[in-house]
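# Examining the three-dimensional arrangement
So you can see what is in the structure, the chains are spelled out below.
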Amino acid sequence: MPGLRESLDLIRMVRPDAGTAAIEHEIAAERANSIGAAEERVIKTLALLRDNPADRDAALGNAQQAVWAYFVQRELIGFRRHAEVIQDLKIPGEVLAGLGAVRK
């Protein structure tokens, strides 16, 4: 009975692309998982900002950081336009105005 390595070698000989298909599928799943987690962070930080926190500056900074990280992740996987996301998530202008800013 052939082992896993021999089976994979045989599959690669018959279908060379099959060897990379599994890893490409896992990469796509990780990208989807990552972008979903980033969007959840945006939703959570925007909700905290809308709830009028005691430390509004910190909440605003957290929301700006989460939105910026989300936009970077979107751009890394090929989504260059963010207008629909801004509208769907109701990202306020004050958050957008501070994207990429470094706070002390």
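### Side note on the packing of aromatic side chains
One pass over the full model with this rule turns up one aromatic pair. Each ring, one from Tyr70 and one from Phe71, has its centre 6.2 Å from the other, and the planes form 35°; the classification is tilted. Residue class for Tyr70 comes out buried when judged on its relative accessible area of 3%.

### Comments concerning the environment of Phe71
Relative to the assigned elements, Phe71 resides in helix α3 (residues 56-76). Sequence-wise, Phe71 and Ala38 are 33 residues apart; in three dimensions their C-alpha atoms are separated by 8.9 Å. Leaving out residues up to four positions away in the same chain, Phe71 has contacts with His82, Val85, Ile86, Ile91, Leu96 and Leu99.

### As for α3
Taking 1.5 Å per residue as the helical rise, α3 with its 21 residues ought to reach 30 Å, and the 30 Å between its terminal C-alpha atoms agrees with that figure. Taken residue by residue, α3 has Ala59, Leu60, Gly61, Ala63, Gln64, Ala66, Val67, Tyr70, Phe71 and Arg74 as its buried positions. Positive backbone phi, approximately 110°, marks Gly78, located one or two places after α3.

### Focus: a nonpolar patch on the surface
A surface patch of nonpolar side chains, about 480 Å² in accessible area, is lined by Trp68, Val72, Leu76, Ile77 and Phe79. Considering the arrangement of structural elements, one finds Phe79 in the loop between α3 and α4 (83-88). With a relative accessible area of 44%, Phe79 lands in the partly exposed category.

### Examining the nonpolar core
By size, the foremost hydrophobic cluster in this structure holds 16 residues, and its most contacted members are Val42, Leu46, Tyr70, Leu89, Ile91 and Val95. Sorting the residues of this core by element identifies α2 (18-50) and α3 as the ones contributing at least two each. The element contributing the most residues to this core is α3, with seven residues.

### Some points on the pattern of salt bridges
A side chain with one charge may pair with a side chain of the opposite charge, provided their charged atoms come close. Tallied over the entire structure, the rule returns one salt bridge. Glu94 serves as the salt-bridge partner of Arg56, at 2.5 Å between the closest nitrogen and oxygen. Placement of Arg56 in helix α3 and of Glu94 in helix α5 (residues 93-97) is noted, with a sequence separation of 38 residues between them. We classify Arg56 as partly exposed; its relative accessible area is 34%. Its relative accessible area of 36% is what places Glu94 among the partly exposed residues.

The rules behind each value
Residues numbered from 1 in each chain as written. Predicted model: local features only at pLDDT ≥ 70, side-chain atom pairs only at ≥ 80, totals over all residues. Heavy atoms only, no water. Phe/Tyr/Trp six-rings, centres within 6.5 Å; stacked < 30°, edge-to-face > 60°. Buried < 20%, exposed > 50% of the residue type's maximum accessible area, 1.4 Å probe, protein only. Helix = DSSP H or I, 4+ residues; strand = E, 2+ residues; numbered from the N terminus. Contact = heavy atoms within 4.5 Å. Expected span 1.5 Å × (residues − 1). Patch = residues over 30% accessible without salt bridge, like charges linked within 9 Å, V, L, I, M, F, W, Y side chains within 5 Å. Areas by Shrake-Rupley, 256 points an atom, 1.4 Å probe, with all protein chains shown as cover. Salt bridge = Lys/Arg side-chain N within 4 Å of Asp/Glu carboxyl O. Core = buried A, V, L, I, M, F, W, Y, C linked by side-chain atoms within 4.5 Å.

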